[in-house]
There are 2 protein chains.
Amino acid sequence: MIMDERKFLILQAIVDDYITTAAPVGSRTISRKSGVGFSPATIRNEMSDLEQLGYLAQPHTSAGRVPSYKAYRLYVDQLLNVSKLPPEEREKMNAYLSKKTDQVGTLIRSAAAVISDATRYTSVIVAPKLSTLRIRNLQMVPVSDTLALMVIVTNAGIVKDTVIRVPEGITPDMLYEISRMLTEQLADKPIEAVRQLFAELIRDMGEHRRLLAEAMQVIEEKMTHADESDVVIGGGANMLSYPEYQDAGKAQNFLSVLESRDKLQKALAGGSGMEVTIRIGPENGLPELSDCSVLTATYQAGDDSVGRLGIIGPTRMNYSRAISVLRYVGMALSELLSDRK
Amino acid sequence: MIMDERKFLILQAIVDDYITTAAPVGSRTISRKSGVGFSPATIRNEMSDLEQLGYLAQPHTSAGRVPSYKAYRLYVDQLLNVSKLPPEEREKMNAYLSKKTDQVGTLIRSAAAVISDATRYTSVIVAPKLSTLRIRNLQMVPVSDTLALMVIVTNAGIVKDTVIRVPEGITPDMLYEISRMLTEQLADKPIEAVRQLFAELIRDMGEHRRLLAEAMQVIEEKMTHADESDVVIGGGANMLSYPEYQDAGKAQNFLSVLESRDKLQKALAGGSGMEVTIRIGPENGLPELSDCSVLTATYQAGDDSVGRLGIIGPTRMNYSRAISVLRYVGMALSELLSDRK
DNA sequence: TGTTAGCACTCAACTCGGTCGAGTGCTAAC
DNA sequence: GTTAGCACTCGACCGAGTTGAGTGCTAACA
């Protein structure tokens, strides 16, 4: 048995219908649809074939059919046509986002809100990771005799800070001088390259070795351990409005994923290109999200990919709309981050 | 009719029982309890009185009784004895918290997690507000020719930063000098007092007037507009495990409050002293939380009250435990923030 | 040979009546 | 004042019956 034109057509109609109703789809329903000119009986035969092929499943004998993950995969890969967002909607999003451009954190939170409002799904954005950024300025601000705050300003105006210990005998003015020197040395270098530069500096400049070593260690740590605060969620409660999540246990299960930064990071990871990556149901690897789909994309600051943004929704989500919203917001975010001088 | 000793005893037993079972309490149940030596019939008479007095309500004639808000209020005010946390539990919390003391943000997130883990309710912590802090160091770090990052380090090592515009012709070294001067002038002053100092400075130092004015305006804004990121939530999904919130609509309603920083701020506001404030059901003013109770307390950095922390749970929450956890974590948080030199 | 009408069959969802049991209020006795 | 007893109430639960959406199969048709 092989998939022919008509099977595609019928499968598409079934998925389309299921996406909006969340109820098993029967042969009559499909037959009634415009564009499909066959009787219910014919449709039934085809549906039976599609079930055989693994694209459909029946909850029980006398129910309609429900698309399988395989069906969604096919639907997304071949049957989907992504429409552009209407201009007025783009305009609205743009207006909302460009108001919030001052602080990167706020911008990202707003972007998450825009996505979840526009799709009614849950949105997740990973803030720019230190390891993908370039240093623009590094400054150590004294906090007390023994502590300083190391502030790293990166491209796109993204700021990271940490407390570091300062060896005895280093005055605020010395801190400033060292910061200036470091900034000069490190400016515009990607953080990846900083390690080596630091090693050289520590070798050449014996006198502040301890301070530099401390700073290096902190940067190192910041780069490897993702900061908890760096994942932003929008519309976490949206999922509860879908019939799939009326069951409180399931809902709690889903929400617990949102509360675990680790799992979220894992869900968003992978897929490096600019294009939207789609993981359907079990494909995303997290058992808790086995009946969700996760769409992810990358956003940039300048020419560097700096973070990922994503949408989590039920497998029967409106992929077309989700994709276009994700694309658009990703683009807008990249632009706003790159504009910052 | 008046509340006598026995009525108190019975009401207490009813509330105690309802808190653990969430099911209407019948006269037999109370009669069986140790400490109450009356027959069901007597209890019924008393319960009838208590209903008349507004402390109990009946879902329907042949069900048991459910405590009203008035009953919880009485229970909390007069019938509750708050036990201390067992030492091993304190120890565990302490150990977990003191590991996280490096970054204030992380510390607060951990504290929220500790509270929600210990109580199985939802915890909320408002990060230290700028207006309650003292400046320790102020530094402007150049980001580009026209932008700088103003970093304000406050007591307790809490850091706030904002991007500000820099008028043309101001070099990084000048920024440093100005920062140094400002730090000298402002150090250890509460932010409340900064306004006036700034005004004086702007008057006296004509040359950098524009920069100072910009900085002032930004500080002003930061002080009045609470930052979105400053509210941290722990265990938002916990509520879903209680029978009161099995209904998806109710659950969504509750979660939407957690997503609105405004409403959360409002829920936590008020009650300035160190003691735990308890708002039961409608008392908290938010219709969305009308069947929740909100406990709030204040935490300090040094001698200044800097933020609030709270627990949101069902009205039938275990007040005794919630209060002791909130007290303990509030104290621990204050200590950890004050220790920072 | 592919399509369709017809028909028997399946099964969840809903309805309805009956039973069960937890709980109440009232009354009368202790 | 307290309590035992009893009639009553009412949601929860159970099982039988009905409904309706949907299927698979077969035979007829183009």
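Not measured: the values here are computed from a predicted model.

(A) Spotlight on the nonpolar core. Ranked by size, the top nonpolar core spans 170 residues in total, and within it Leu295 and Tyr319 of chain A together with Leu295 and Tyr319 of chain B carry the most contacts. Ignoring any residue separated from it by four or fewer positions in sequence, one finds Tyr319 of chain B in contact with Ile19, Tyr72, Tyr75, Val76, Leu80, Ile278, Ile280, Ser293 and Leu295 of chain B. Within the second largest apolar cluster, 28 residues are counted, among which are Ile135, Val166, Ile170 and Met205 of chain B.

(B) How the structure looks around the protein's contact with DNA strand D. Taken together, the neighbourhood of DNA strand D is formed by 20 residues, with Ser27 and Arg65 of chain A together with Thr42, Thr61 and Ser62 of chain B sitting nearest. A share of 75% is what sugar and phosphate atoms reach among the atoms of DNA strand D within 4 Å of the protein. Note that a sugar or linking oxygen of DNA strand D is positioned 3.4 Å from one of the backbone N or O atoms of Ala63 of chain A. A distance of 3.4 Å separates a phosphate oxygen of DNA strand D from a polar atom in the backbone of Ser39 of chain B. Among the secondary structure elements, those contributing two or more residues to the surface near DNA strand D are helix H3 (40-52) of chain A together with helix H3 (40-52) of chain B. Looking at which element gives the most residues to the surface near DNA strand D, the answer is H3 of chain B, with four residues.

(C) Region of the structure containing helix H9 (residues 209-224) of chain B. Residue and element names in this part refer to chain B. Between the first and last C-alpha of H9 there are 22 Å, a value that for 16 residues agrees with the 22 Å anticipated at 1.5 Å per step. Of all the residues in H9, the buried ones are Leu211, Leu212, Glu214, Ala215, Met216, Val218, Ile219 and Met223. In this structure, the buried side of H9 is in contact with strand E4 (135-142), strand E5 (147-154), strand E6 (159-165), helix H7 (172-186) and helix H8 (191-204).

(D) View of the relation of the copies chain A and chain B. The operation relating chain A to chain B is a screw motion whose rotation component is 180 degrees, with 0.0 Å of axial translation and a residual RMSD of 0.1 Å. The two molecules are tied by a two-fold rotation axis, judged by turn and shift. Taking C-alpha positions as reference, the residue of chain A nearest the rotation axis is Ala248 of chain A, located at 3.3 Å. With an isologous cut-off of 70% or more, the 100% of interface residues of chain A that recur at the interface of chain B puts this contact in the isologous class.

(E) Quick peek at the interface of chain A and chain B. At the junction of the two partners, chain A supplies 39 residues and chain B supplies 40 residues. Here chain A meets chain B over a buried area of about 3400 Å², counting both sides, of which 54% is carbon and sulfur. Here chain A is connected to chain B by two salt bridges. The shortest N-O distance in the salt bridge between Arg180 of chain B and Asp173 of chain A comes to 2.6 Å. The interface formed by chain A and chain B contains 14 residue pairs in polar contact (both at pLDDT 80 or more). Grouping the amino acids of the side of chain A that touches chain B by side-chain chemistry returns 16 nonpolar, twelve polar and eleven charged.

(F) Structural detail: the protein's contact with DNA strand C. Around DNA strand C there are 20 residues in total, and Arg6, Thr42, Thr61 and Ser62 of chain A together with Ser27 of chain B lie nearest to it. A distance of 3.4 Å separates a phosphate oxygen of DNA strand C from a polar backbone atom of Ser39 of chain A. In the environment of DNA strand C, a phosphate oxygen lies 2.8 Å from a nitrogen or oxygen atom belonging to the side chain of Arg65 of chain B. Broken down by secondary-structure element, the contributors of at least two residues to the surface near DNA strand C are H3 of chain A together with H3 of chain B. Among the residues forming the surface near DNA strand C, the class breakdown is four nonpolar, twelve polar and four charged.

(G) Fine view of the side chain of Asp161 of chain A. Note on placement: Asp161 of chain A falls in strand E6 (residues 159-165). In this structure Asp161 of chain A comes out as buried when scored by relative accessible area, which is 16%. In contact with Asp161 of chain A, other than residues within four places in its own chain, are Leu149, Met150, Val151 and Lys222 of chain A together with Gln103, Val159 and Asp161 of chain B.

(H) Molecular detail of the pattern of salt bridges. Residue and element names in this part refer to chain B. For the structure on display, the rule yields 32 salt bridges over all chains. Ionic pairing is found between Arg134 and Asp304, a salt bridge with its closest N-O pair at 2.9 Å. Of the two residues, Arg134 sits in the loop between strand E3 (122-126) and E4 while Asp304 sits in strand E10 (residues 304-314), which places them 170 residues apart along the sequence. Owing to a relative accessible area of 28%, Arg134 belongs among the partly exposed residues under this scheme. The exposure class of Asp304 is buried, given its relative accessible area of 18%. Of the charged contacts, one joins Lys250 and Asp291 as a salt bridge, the two residues approaching to 3.4 Å between their closest N and O atoms. Remark: Asp291 occurs in the loop between strand E8 (277-280) and strand E9 (292-301) and Lys250 occurs in helix H10 (residues 248-259); sequence separation between them is 41 residues. For Lys250, a relative accessible area of 37% translates into the label partly exposed.

Reading the values: rules and limits
Within every chain, residues take consecutive numbers counted from 1 along the sequence as written. Here the convention is simple: chains get letters from A, ligands get numbers from 1, in the order in which they are written. Local features in this predicted model are restricted to residues whose pLDDT is 70 or higher, and side-chain atom pairs enter the listing and the counts only when it is 80 or higher, whereas totals over whole chains, interfaces and linings include all residues. Side-chain numbers come from the whole structure's heavy atoms, not from hydrogens or water. Here the nonpolar core consists of buried residues drawn from Ala, Val, Leu, Ile, Met, Phe, Trp, Tyr and Cys, with membership extended through side-chain atoms lying within 4.5 Å. For each residue, the accessible area found with a 1.4 Å probe, counting protein chains only, is set against the maximum for its type, and the residue is called buried under 20%, exposed over 50%, and partly exposed in between. By definition, residues are in contact when any of their heavy atoms lie within 4.5 Å. Throughout, near means a residue has at least one heavy atom within 4 Å of the molecule or strand. Polar contact is defined as a pair of N or O atoms within 3.5 Å, subject to the rule that within protein one atom must be able to donate a hydrogen and the other to accept it, and that residues adjacent in sequence are counted only when both atoms are side-chain atoms. Strands here are runs of E lasting at least two residues and helices are runs of H or I lasting at least four, both read from the DSSP assignment and numbered beginning at the N terminus. By definition here, a helix of n residues has an expected span of 1.5 Å times n minus one. The copies were overlaid with a least-squares fit restricted to C-alpha atoms from residues scoring a pLDDT of at least 70 in each copy. The buried area of a pairing is the accessible area, by a 1.4 Å probe, that goes missing from both parts when the two are put together, added over both. One speaks of a salt bridge when a side-chain nitrogen belonging to Lys or Arg is within 4 Å of a carboxyl oxygen belonging to Asp or Glu. For this classification, the nonpolar set comprises Ala, Val, Leu, Ile, Met, Phe, Trp, Tyr, Cys and Pro, the charged set comprises Asp, Glu, Lys and Arg, and every other residue, Gly included, is treated as polar.

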